[in-house]
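# Coordinates in review
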Amino acid sequence: MAKKPKGLTSDDRSIWQRVAETAVPIQHVPVSKPAEKKPPKKICAEQHPAISHFKAGARAAPLPRKHDIQKDIRQQVAEAPVNMDRKSFQNLRRGKLKPEGRIDLHGMTLAEAHPALIGFVMSSHRAGKRLVLVITGKGKHKDEGGPMPVRMGVLRHQVPEWLRMAPVASLVLQVSEAHLKHGGSGAYYVYLRRKR
């Protein structure tokens, strides 16, 4: 095994010389001494405007909202008020009620899915069905790392919004995420009002 020669070769020296010729010397700037810090003055509560209204034992004001970002669709649906019988709603959430009809929107575009959903809900209501299943799929993650986040599952987010709008809003009593055996977060139970 050959030993490496110590020091720079003639090629290394010529390269280093070319680099050294292009170098610009650093300007040294004198550093000023930091100003001496004075101890903070003690302020009475009456003197400070931010706490002048504070009273011992009083409740604190609620904190302001940190952001106005819309909640995730699962959270919105879960927090929606219950408009149907509580016992029926519990059975619905546990997957004990059997859907009387179903539509699979999975794989459709928004332009295809919207009229299909509206037509399905209206025909189901006309037929006297109470519980239908709308399958949206969970969606694919399409966030490409841009400045604005992209939500996963466009149909999953859009279907609850469509169900809150005319012409089907007056027909829909409750929307809830489906039980795991009926599709879980990739499907919704839509509980319809009684036909009049």
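What counts and what doesn't
Residues numbered from 1 in each chain as written. Predicted model: local features only at pLDDT ≥ 70, side-chain atom pairs only at ≥ 80, totals over all residues. Heavy atoms only, no water. Helix = DSSP H or I, 4+ residues; strand = E, 2+ residues; numbered from the N terminus. Buried < 20%, exposed > 50% of the residue type's maximum accessible area, 1.4 Å probe, protein only. Contact = heavy atoms within 4.5 Å. Areas by Shrake-Rupley, 256 points an atom, 1.4 Å probe, with all protein chains shown as cover. Right-handed = clockwise from strand over helix to strand, strands pointing away. Pairing = 2+ DSSP bridges. Patch = residues over 30% accessible without salt bridge, like charges linked within 9 Å, V, L, I, M, F, W, Y side chains within 5 Å. Salt bridge = Lys/Arg side-chain N within 4 Å of Asp/Glu carboxyl O. Axes fitted to C-alpha atoms, helices over the stretch in contact; angles between N-to-C directions. Parallel < 35°, antiparallel > 145°, perpendicular 65-115°, else oblique. Left-handed = near helix turned anticlockwise from the far one by under 90°. Nonpolar A, V, L, I, M, F, W, Y, C, P; charged D, E, K, R; others polar.

Bringing the overall build of the protein chain into the picture now. Looking only at helices and strands, the protein chain has five helices and four strands in total. The helix and strand sequence of the protein chain, counted from the amino end, reads α-α-α-β-α-β-α-β-β. Considering the protein chain as a whole, with its 196 residues, one finds that 27% of them fall into the buried category. In the protein chain, the share of contacts with a sequence separation of at least 24, taken over all contacts with a separation of at least 6, comes to 65%. As presented, the protein chain carries roughly 16000 Å² of accessible surface, and 57% of it is formed by carbon and sulfur atoms.

Burial runs high along strand β2 (residues 131-135): five of the five residues are buried. Every second residue of β2 is oriented toward a common face, with Leu 131, Leu 133 and Ile 135 on one face and Val 132 and Val 134 on the other, all of them buried. Where the polypeptide runs from strand β1 (residues 101-104) across helix α4 (residues 110-126) and back to β2, its parallel neighbour, the crossover connection is right-handed. Bridging between β2 and strand β4 (residues 187-192) involves five bridges; their strand directions are antiparallel. Considered in β4, the bridge of Val 132 is made with Val 190.

For the rest of this paragraph, the subject is a nonpolar patch on the surface. Together, Ile 15, Trp 16 and Val 19 give the surface a local cluster of nonpolar side chains, amounting to about 330 Å² of exposed area. The class of Ile 15 is partly exposed, set by a relative accessible area of 46%.

If you walk across this open sheet you meet the four strands as β1-β2-β4-β3, and the pairing is mixed. Here the strands that pair on one side only, and so sit at the sheet edges, are β1 and β3 (172-177). Taking the axes of each pair of neighbouring strands and ignoring which way they run, one obtains an average angle of 20 degrees across the sheet. Where β3 lies against β4, five bridges are found, and the strand directions are antiparallel. Across the sheet, Val 172 pairs through a bridge with Leu 192, a residue of β4.

Omega for the bond connecting Ala 166 with Pro 167 falls within 30 degrees of zero, at 10 degrees, which places this linkage in the cis form. Within the secondary structure layout, Pro 167 lies in the loop between α5 (154-163) and β3.

The subject of this paragraph is α5. Counting buried residues in α5 gives seven out of 10 residues, a clear majority hidden from the surface. Residues of α5 that are buried: Leu 155, Arg 156, His 157, Val 159, Pro 160, Trp 162 and Leu 163.

This paragraph deals with the packing of α4 against α5. Packed helices, taken two at a time, are described by the angle between their axes plus the distance between the axes. At a minimum axis distance of 11 Å, the contact between α4 and α5 shows a crossing angle of 40 degrees. For the element pair α4 / α5, the angle class is oblique. Viewed along their axes, α4 and α5 form a crossing whose handedness is right-handed. Every residue of α5 that contacts α4 at Leu 110, Ala 113, His 114, Leu 117 and Val 121 is listed here: Val 154, Leu 155, Gln 158, Val 159, Trp 162 and Leu 163. Classifying every residue of the contact of α4 with α5 by side-chain character gives nine nonpolar, two polar and no charged.

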